[in-house]
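So the chains spell out like this:
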Amino acid sequence: AIGSLGTTGFQFFWYYGLARAGAIDVALLTAALPVFICLGEHLTGRRLLPAQWAGLVVAGLGCFFLLTPPIAADGLQFLPGTWAILAANLCMTIY
């Protein structure tokens, strides 16, 4: 059941959000997926491995560069597709 939610839910929400959100928003939230997963791990009481910490740093740097001008002058815009991408990240975190 959790596998179905993780894979099917992620794909459904991600493609739905991809069609309805801005490219920068999708790129930013997709780059932040390791952060969501590591936070989920932390909430369940598991320790993060060094490779997971490295993933957090890389994802954080990617998000930083996507939010700084001139790439993203308007910042993150919460359109309906943006919420779908967040739901996709949540599905993958639960998985």
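Residues numbered from 1 in each chain as written. Predicted model: local features only at pLDDT ≥ 70, side-chain atom pairs only at ≥ 80, totals over all residues. Heavy atoms only, no water.

**Q** Lay out the overall build of the protein chain with the relevant residues and their values.
**A** Summing up its helical and strand segments, the protein chain has five helices and zero strands in all. Moving toward the C terminus, one meets the helices and strands of the protein chain in the order α-α-α-α-α. Relative to its 95 residues, the protein chain shows a buried fraction of 32%. When contacts within the protein chain are restricted to residue pairs at least 6 apart in sequence, long-range pairs at least 24 apart make up 77% of them. If you sum the accessible surface of the protein chain, you get close to 6000 Å²; carbon and sulfur atoms cover 73% of it. (Helix = DSSP H or I, 4+ residues; strand = E, 2+ residues; numbered from the N terminus. Buried < 20%, exposed > 50% of the residue type's maximum accessible area, 1.4 Å probe, protein only. Contact = heavy atoms within 4.5 Å. Areas by Shrake-Rupley, 256 points an atom, 1.4 Å probe, with all protein chains shown as cover.)

**Q** For the nonpolar core, give the residues involved together with the corresponding values.
**A** Counting 11 residues, the largest nonpolar core consists of Phe-10, Trp-14, Ala-21, Val-26, Leu-29, Leu-33, Ile-85, Leu-86, Ala-88, Cys-91 and Met-92. If you list the elements that add at least two residues to this core, you get helix H1 (2–20), helix H2 (23–31) and helix H5 (80–94). Of all the elements, H5 adds the most residues to this core, at five residues. The residues contacting Cys-91, other than those within four sequence positions of it, are Leu-5, Gly-6, Gly-9, Phe-10 and Phe-13. (Core = buried A, V, L, I, M, F, W, Y, C linked by side-chain atoms within 4.5 Å.)

**Q** Outline the side chain of Asn-89, supporting the account with residue identities and numerical values.
**A** Positionally, Asn-89 belongs in helix H5. Excluding anything up to four places from it in sequence, Asn-89 contacts Phe-10, Leu-29, Leu-33 and Phe-36.

**Q** Which residues make up the packing of aromatic side chains, and what are the values?
**A** For the coordinates displayed, the defined rule picks out four aromatic pairs. Aromatic pair Phe-12 and Phe-13: ring centres 5.2 Å apart, planes at 70°, arrangement edge-to-face. The exposure class assigned to Phe-12 is exposed, which follows from its relative accessible area of 53%. Ring centres of Phe-12 and Tyr-16 lie 6.4 Å apart, and the angle between their planes is 20°; on these two criteria the pair is classed as stacked. Of this pair, Phe-12 and Tyr-16 both sit in helix H1, separated by four residues, roughly a single helical turn. (Phe/Tyr/Trp six-rings, centres within 6.5 Å; stacked < 30°, edge-to-face > 60°.)

**Q** Can you tell me about the confidence of the model for the protein chain, naming the residues and giving the values?
**A** For the protein chain, per-residue confidence averages 82 on the pLDDT scale, and residues scoring 70 or more make up 87% of the total. Confidence, read as mean pLDDT per element, is least for helix H4 (residues 50–67) in the protein chain (80) and greatest for H5 (89). (pLDDT = per-residue confidence, 0-100.)

**Q** Mind laying out a nonpolar patch on the surface, listing which residues take part and the relevant values?
**A** Among the surface-exposed residues, Ile-2, Leu-5, Leu-90, Ile-94 and Tyr-95 lie close enough to one another that they form a single nonpolar patch of about 500 Å² accessible area. Contributing elements (two or more residues each) for the nonpolar patch: H1 and H5. (Patch = residues over 30% accessible without salt bridge, like charges linked within 9 Å, V, L, I, M, F, W, Y side chains within 5 Å. Salt bridge = Lys/Arg side-chain N within 4 Å of Asp/Glu carboxyl O.)

**Q** Before we move on, can you summarise H5 with the specific residues and values?
**A** Helix length check: H5, at 15 residues, gives a terminal C-alpha distance of 21 Å against a target of 21 Å (1.5 Å per residue), a fit within 8%. Restricting attention to buried positions, one finds in H5 the residues Gly-81, Thr-82, Ala-84, Ile-85, Leu-86, Ala-88, Asn-89, Cys-91 and Met-92. Turning to H5, the residues buried within the fold contact H1, H2 and helix H3 (33–43). (Expected span 1.5 Å × (residues − 1).)

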